[in-house]
Amino acid sequence: MAVQGLSTDEVQQIRESLAAGRKPRVVFTEAAGQMAGQLGQVVELTDPAVSEEFVVVRFGRDELPFSPADVAVAPRGAGRRPAAEAKPEPPAQQQPAAPEPEFVLDAPRVPAPRREEPKAQQPAEPKPAKRAVKAAKPKGPAGLTVTLAYAEGEWTVAAQQGTKALARPYVVKPAEALRMVALVDVPGVQEAVEQILAAERAEAEQQAQKLRAELAEIEARLAELREAR
């Protein structure tokens, strides 16, 4: 009697069994060709709208797609091994025959296992000690520089904080410059300023005397011109 393929109800039952985690057993029909009569296990049902071979059957180590006509639900008990038959009683034990002498020349010689010498363990190199990480100091405000300078007969004062100029050089009087230096309380600097001021004073007096002499000559010339009228 020929085995019929899967019906629509049987396909639905197989789908429910797969959803429950079971893999139903099937038998190949004559439509499967030379595999007819062999047993397999359904592992998946793909979309029948894509291909009519949507029944994926595991046969041995392979998983191949078949149509419902190629397989049928396996009958109960199919594929089970028959009950173990009663084992015959073992025959009466006979005394073992004396072993025949072994022909020594034909026996392969097994080499003795080589004895490995223990390897000397090299001392582990000491790891370099980690350098202590210094705590980063908070960055303070930029430095402030106030400069008192003397050049070409003029005293100037300038102020700068970091790279930013707070006050461009501006001219101050010699008396103010002397008072600024007096606040520093450095004898060498104060003496240098006093020497500069003394030199400027002497030069100014010379210029004043020269101007007075020139002025006296101009006034005498003016008096002569007035008398000539």
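Enquirer: An account of the side chain of Ser17 is requested, with residue identities and associated values reported.
Expert: Relative to the elements of secondary structure, Ser17 occurs in helix α1 (residues 8-19). Ignoring any residue separated from it by four or fewer positions in sequence, one finds Ser17 in contact with Arg22 and Pro24.

Enquirer: Please provide a residue-by-residue account of the pairing of strand β4 (residues 62-66), values included.
Expert: Note: strand β3 (residues 55-59) against β4, five bridges, orientation antiparallel. Counted as the bridge partner of Arg58 is Glu63 from β4. If you look at the hairpin formed by β3 and β4, you'll find two residues sitting between the two strands, and Gly60 has a positive phi there, around 75°.

Enquirer: So what about α1? Which residues, and what values?
Expert: The end-to-end C-alpha distance of α1, which contains twelve residues, comes to 17 Å, matching closely the 16 Å that a straight helix rising 1.5 Å per residue would cover. Among all positions of α1, only Val11, Ile14 and Ser17 are buried. Summarising the axial view, the buried residues of α1 lie within an arc of 120°, below the 170-degree limit, and thus occupy one face. Of the exposed residues in α1, those oriented more than 90 degrees away from the buried face are Thr8, Asp9, Gln13 and Ala19. Elements in contact with the buried residues of α1: β1 (25-28) and β2 (39-45).

What counts, and where the lines are drawn
Residues numbered from 1 in each chain as written. Predicted model: local features only at pLDDT ≥ 70, side-chain atom pairs only at ≥ 80, totals over all residues. Heavy atoms only, no water. Helix = DSSP H or I, 4+ residues; strand = E, 2+ residues; numbered from the N terminus. Contact = heavy atoms within 4.5 Å. Pairing = 2+ DSSP bridges. Expected span 1.5 Å × (residues − 1). Buried < 20%, exposed > 50% of the residue type's maximum accessible area, 1.4 Å probe, protein only. Arc of directions from axis to C-beta.

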